[in-house]
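Structure assessment
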There are 2 protein chains.
Amino acid sequence: MAKLTIRDIARLSGLSKSTVSLVLNNSPKVDPETRRRVLAVMRRNNYVPSFAATALAKGNTGLIGMIVPGLTWRFMADINYGVAKVVEDTKYEIVLFTSTNERDYGGAIDRVLSSGLCAGLLVVAHDQRQLERLVDLHRSGLVVVLIDTLGAESDLPAVGVDNHTGGLLAARHLIELGHRRIASMLGPLNHAYVQERLRGVRDALREAGLAPDPALEVETDFDEALVRSRTRELLELPPGRRPTALFAYHDSAAFAVLDELAQAGVRVPQEVSVVGFDDIDAAAHVRPALTTVRQPFARMSERAADILLATLDHPDSDGTPQRLVLPTELVVRDSTGPAPADA
Amino acid sequence: MAKLTIRDIARLSGLSKSTVSLVLNNSPKVDPETRRRVLAVMRRNNYVPSFAATALAKGNTGLIGMIVPGLTWRFMADINYGVAKVVEDTKYEIVLFTSTNERDYGGAIDRVLSSGLCAGLLVVAHDQRQLERLVDLHRSGLVVVLIDTLGAESDLPAVGVDNHTGGLLAARHLIELGHRRIASMLGPLNHAYVQERLRGVRDALREAGLAPDPALEVETDFDEALVRSRTRELLELPPGRRPTALFAYHDSAAFAVLDELAQAGVRVPQEVSVVGFDDIDAAAHVRPALTTVRQPFARMSERAADILLATLDHPDSDGTPQRLVLPTELVVRDSTGPAPADA
DNA sequence: CTGTTAGCGCTTTCAT
DNA sequence: ATGAAAGCGCTAACAG
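Keep in mind that this is a model prediction, so the values were computed, not measured. (Residues numbered from 1 in each chain as written. Chains lettered and ligands numbered in written order. Predicted model: local features only at pLDDT ≥ 70, side-chain atom pairs only at ≥ 80, totals over all residues. Heavy atoms only, no water.)

1. Description of the overall build of chain A
- The helix and strand inventory of chain A stands at 13 helices and 12 strands.
- In terms of overall size, chain A is more extended than a compact globule, its C-alpha atoms giving a radius of gyration of 26 Å where 343 residues would be expected to give roughly 20 Å.
- Taking all 343 residues of chain A together, the buried fraction comes to 53%.
- Taking the 38 positively charged and 44 negatively charged side chains of chain A as two groups, their mean positions are separated by 8 Å. (Helix = DSSP H or I, 4+ residues; strand = E, 2+ residues; numbered from the N terminus. Rg over C-alpha atoms; globule rule 2.2 N^0.38 Å. Buried < 20%, exposed > 50% of the residue type's maximum accessible area, 1.4 Å probe, protein only. Lys, Arg positive; Asp, Glu negative; His and termini not counted. Charge placed at Lys NZ, Arg CZ, Asp CG, Glu CD.)

2. Re the nonpolar core
- By size, the foremost hydrophobic cluster in this structure holds 89 residues, and its most contacted members are A:Met66, A:Leu122, A:Val274, B:Met66 and B:Leu122.
- In this view, B:Leu122 contacts B:Ile64, B:Gly65, B:Met66, B:Ile67, B:Val83, B:Val145, B:Ile147, B:Ala304, B:Ala305 and B:Leu308; residues no more than four positions away in its chain are not counted.
- By size, the runner-up hydrophobic cluster in this structure holds 41 residues, among which are A:Cys118, A:Val135, B:Val95 and B:Leu134. (Core = buried A, V, L, I, M, F, W, Y, C linked by side-chain atoms within 4.5 Å. Contact = heavy atoms within 4.5 Å.)

3. Let's talk about the protein's contact with DNA strand C
- Neighbouring residues of DNA strand C: 25 residues in total, closest A:Ile6, A:Lys17, A:Tyr47, B:Ser18 and B:Thr34.
- Near-protein atoms of DNA strand C (within 4 Å) split between backbone and bases, with sugar and phosphate holding 62%.
- Between a base nitrogen of DNA strand C and a side-chain N or O atom of A:Lys17, the distance comes to 2.6 Å.
- Contact between DNA strand C and B:Ser16: a phosphate oxygen at 2.9 Å from a main-chain N or O atom of the residue.
- Elements represented by at least two residues in the surface near DNA strand C include exactly helix 2 (17-24) and helix 4 (51-58) of chain A together with helix 2 (17-24) and helix 4 (51-58) of chain B.
- Looking at the surface near DNA strand C residue by residue, the class counts come to 11 nonpolar, 10 polar and four charged. (Near = heavy atom within 4 Å. Polar contact = N/O pair within 3.5 Å; in protein donor to acceptor, adjacent residues only side chain to side chain. Nonpolar A, V, L, I, M, F, W, Y, C, P; charged D, E, K, R; others polar.)

4. Re the environment of B:Tyr249
Residues and elements named next belong to chain B.
- Inspection of the secondary structure puts Tyr 249 in the loop between strand 8 (245-248) and helix 12 (251-263).
- The exposure class assigned to Tyr 249 is buried, which follows from its relative accessible area of 6%.
- As a C-alpha pair, Tyr 249 and Tyr 193 span 56 residues in sequence and 9.3 Å in three-dimensional space.
- For Tyr 249, the residues in contact, after removing those within four places along its chain, are Met 185, Leu 186, Gly 187, Arg 197, Thr 220, Asp 221, Phe 222 and Phe 277.
- One polar contact links the side chain of Tyr 249 to the main-chain carbonyl oxygen of Asp 221, over a distance of 2.7 Å.

5. Let's talk about the protein's contact with DNA strand D
- As a matter of local geometry, DNA strand D sits amid 26 residues, with A:Ser16, A:Thr34, B:Ile6, B:Lys17 and B:Tyr47 nearest to it.
- Atoms of DNA strand D within 4 Å of the protein: sugar and phosphate make up 63%, bases the balance.
- Separating a phosphate oxygen of DNA strand D from a side-chain N or O atom of A:Thr34 is a distance of 2.6 Å.
- When residues of the surface near DNA strand D are traced back to their parent elements, those giving at least two are helix 2 and helix 4 of chain A together with helix 2 and helix 4 of chain B.
- Taken together, the residues of the surface near DNA strand D sort by class into 11 nonpolar, 11 polar and four charged.

6. Some thoughts on helix 8 (residues 128-139) of chain A
- If you check helix 8 of chain A, its first and last C-alpha atoms are 17 Å apart, about what 12 residues at 1.5 Å a residue would give, namely 16 Å.
- Where helix 8 of chain A ends, the next residue or the one after it, A:Gly141, has phi of about 110°, a positive value. (Expected span 1.5 Å × (residues − 1).)

7. Overview of the domain arrangement of chain A
- Considered domain by domain, chain A is made up of domain 1 (6-49), domain 2 (63-160 + 297-327) and domain 3 (163-295).
- With centres defined by C-alpha atoms, the gap from domain 1 of chain A to domain 3 of chain A works out at 62 Å. (Domains from an automatic or database assignment.)

8. Points about the sheet that holds strand 9 (residues 273-278) of chain B
Residue and element names in this part refer to chain B.
- If you walk across this open sheet you meet the six strands as 7-6-8-9-10-12, and the pairing is mixed. Only two strands of the sheet have a single neighbouring strand rather than two, namely strand 7 (217-219) and strand 12 (329-331). Averaged over all neighbouring strand pairs, the angle between strand axes comes to 20°, with direction disregarded.
- Pairing geometry for strand 6 (residues 182-186) and strand 8, over four bridges, is parallel. Note that in strand 8 the partner of Ser 184 across the bridge is Phe 247.
- The sheet contacts of helix 9 (residues 163-176) involve strand 6, strand 8, strand 9, strand 10 (291-294) and strand 12, and relative to strand 9 the element is tilted by about 165°. (Pairing = 2+ DSSP bridges. Axes fitted to C-alpha atoms, helices over the stretch in contact; angles between N-to-C directions.)

Structural data, given as structure tokens:
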């Protein structure tokens, strides 16, 4: 079953390639009856135009690439949803690139991407090295918009949230509840958003006349086990230094903290309060329901897609790169409460 | 910054297009020194070959598509990992297609796919309609391998697990623990694997001389709230009919069940035992740790990729479509225990 | 080892 | 409203 070409369809319907092409592209210049006939022939023969040939002739693949660091992050679904919603009523399609191993990320993938496979790129990347690579590509003409990657040292177009205020809100909430020893369970410090949130926490502390305690700023990564062991270490601090509240850089990390606390018999929020970040769906369902800082993932990615599409259709806007900062919002649930009186 | 073509590179390095092309394709026939020079010119000018042109000329895009129903399923990471591992040392790249809205799934996406964007397709799809579409495409030449989609009424190449035995193992385990009233919290019945697992449970029941009780076979979907309310309904059954064990079609559903049970003050496993399916990482971390049927996701997808690649490199094997069934394995943890004596 | 010459399947003026 | 012809950027024989 050799693949049919436009020529075959032309022959089969007694027309020329050009006319068939016009049909393919919904040209109004073709006779309705003719169009119907051609379409019928196509259907009957299961014809589909060659992607490569179309892309080559048009000089555009009509594909928008999306690069994400991993698939399991809960909010990927929201991000994906936002993008899909915007892109689905355009002529573009989305292809998603992921990679399980780090070395690929910088190599094979953007080889494909930079080769013009995709007209534009939406990227979720927190790694500084990846961003640098993107800056290069951007400079040489790649249309790219970052999602949720603000504050990094690049001036790529991006939409993200105000992480500083996010950290600030979380810490203020805790301070208002009377907490004085607030621990931060941080993500990798080489991620800009982690730094920003920490800065927010510290600012809130200073605002209240409290000095940030380095011992309460612990760095972790995406390994849950590490989060758990750090949590235990925090609990083992002497009574006067032990935190009464814990701000986790990530809801998933907060879940691990919550669980570890439960294991240790520490009651939340009576003895220790916990705040997360992201507000993924599960946050409302764990026990106790998690107080957390909400990121508007779907809206973020929608806006990013908007910017990308606008740039694609309007390549002349070589002015200032677009950067959009969306607000975060504190969602208070059951995992935070007044600081214990005896603390 | 107009995009450079192979012709520019040829001119810039004083050679012909063909030689440059040979360099591009790592031909050993080109003089090492010449190659070096050409490569330097390319680097210096930031040249990247056009994807579309290459694909058209080669008659192959070098892309393997992967279609998945959603991104949040925990095991997607494993599946992705398995595929990446196999594909990364071939000339192919992986692109992932997802869709948030159902109608897309059958339309735009496979338009892209069938148009030769991808040389082959790896698909995770449980929906019967989607499968039918794939059968069509397969018949007209698309190379496709299904992952985790066995038992569906198609003879597409596929690798999956023995869901019947999975259900059987889970139920037998429960029966051996003395349980007599075993409820099945099923997924959508139009998914073949759901049927298979249920068949396994029933067979185990019959084996033990027990009659499957329709009231204990409840259908749910991927909505967690539904799982929760069904769980409550089960708990409200009169003492003599209330299940002492619950088999959930999915670890995530099992988590919801566990949580709902905890809410209701029902102790697991003392009063009710719970078994899941999949063995996603979280299964070992919830409290109580979940007894579950493990699916070897990474291995599944590896084998699927193997089959796909073999078919791609060996299009003549028009014989019997490959179908591979991998075994499941019962992982006993803390959520199952002896049936309560008074039951 | 390098150059010549045809295409790959489709779009796109420009005629008719 | 339809057709002819010239590419899009690259590869792949085949010569040399």
